[in-house]
Amino acid sequence: MTRPTHVCIVASPRPRTGRTLLARALTEFYRMDGGEVMAFDLDAMDSTLEQFLPNCTVHADIGETQSQVELFDQLIVADEIPKVVDVSAHAY
């Protein structure tokens, strides 16, 4: 039986609301549950999630259309790898 590909998008229009903490907790949960997870950090200023989890986090810059397409192409792949997206207040 195959597992579904979960995509969790954590977003908030306000900074300092615990958004990155929740994204980090989800990423750690999926790492313990299944082992492999992909996390995307959309924070152009601090990249906090990438600092905490550098081995499984990709910094994604969505300032250009091509970067947005690359991000969504990775999100829609049904590869059974959970994906967590941390949308910063600046990218919101």
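Residues numbered from 1 in each chain as written. Predicted model: local features only at pLDDT ≥ 70, side-chain atom pairs only at ≥ 80, totals over all residues. Heavy atoms only, no water.

Examining the overall build of the protein chain
Across its full length, the protein chain carries three helices and four strands. Overall, the protein chain shows an N-to-C arrangement of helices and strands of β-α-β-α-β-α-β. Expected size for 92 residues packed as a compact globule is a radius of gyration near 12 Å; at 13 Å, the protein chain falls within 12% of this value. C-alpha atoms of the protein chain, sized along the principal axes, occupy 40 × 30 × 20 Å. A separation threshold of at least 6 residues defines the contact pool for the protein chain, and within that pool the share at least 24 residues apart is 66%. Accessible area for the protein chain stands at about 5,900 Å²; split by element, carbon and sulfur atoms hold 54% of it. Of the charged side chains in the protein chain, 7 are positive and 14 negative; the average position of the first set lies 10 Å away from that of the second. (Helix = DSSP H or I, 4+ residues; strand = E, 2+ residues; numbered from the N terminus. Rg over C-alpha atoms; globule rule 2.2 N^0.38 Å. Contact = heavy atoms within 4.5 Å. Areas by Shrake-Rupley, 256 points an atom, 1.4 Å probe, with all protein chains shown as cover. Lys, Arg positive; Asp, Glu negative; His and termini not counted. Charge placed at Lys NZ, Arg CZ, Asp CG, Glu CD.)

Re the state of the cysteines
A full pass over the atoms with the stated rule returns zero disulfides. Cys8 takes part in no disulfide bond, and the closest cysteine sulfur, belonging to Cys56, lies 13 Å away. Given the relative accessible area of 13%, Cys56 is considered buried. (Disulfide = S-S within 2.5 Å. Buried < 20%, exposed > 50% of the residue type's maximum accessible area, 1.4 Å probe, protein only.)

Focus on the pattern of salt bridges
This model, assessed by the stated rule, comprises three salt bridges. For Arg19, the salt bridge goes to Asp86, with nearest N and O atoms at 2.6 Å. Taken together, the residues Arg19 in helix H1 (residues 19-33) and Asp86 in strand S4 (residues 83-87) connect sequence positions 67 residues apart. With respect to burial, Arg19 and Asp86 carry one shared label: buried. Residue Asp79 is joined to Lys83 by a salt bridge in which the shortest nitrogen-to-oxygen separation is 2.6 Å. (Salt bridge = Lys/Arg side-chain N within 4 Å of Asp/Glu carboxyl O.)

Observations concerning the sheet that holds strand S2 (residues 38-41)
Pairing within the open sheet is parallel, and its four strands lie in the order S1-S4-S2-S3. Bordering the open sheet on either side are strand S1 (7-11) and strand S3 (57-59), each of which pairs with just one other strand. Recorded for the sheet is a direction-independent mean angle of 20° between the axes of neighbouring strands. Two strands pair when backbone bridges link them, and S2 and S4 are joined in this way by four bridges, in the parallel orientation. Within the sheet, the bridge partner assigned to Ala39 lies in S4 and is Val84. Strands S1, S2 and S4 of the sheet are contacted by helix H3 (residues 65-75), whose axis makes an angle of about 155° with S2. (Pairing = 2+ DSSP bridges. Axes fitted to C-alpha atoms, helices over the stretch in contact; angles between N-to-C directions.)

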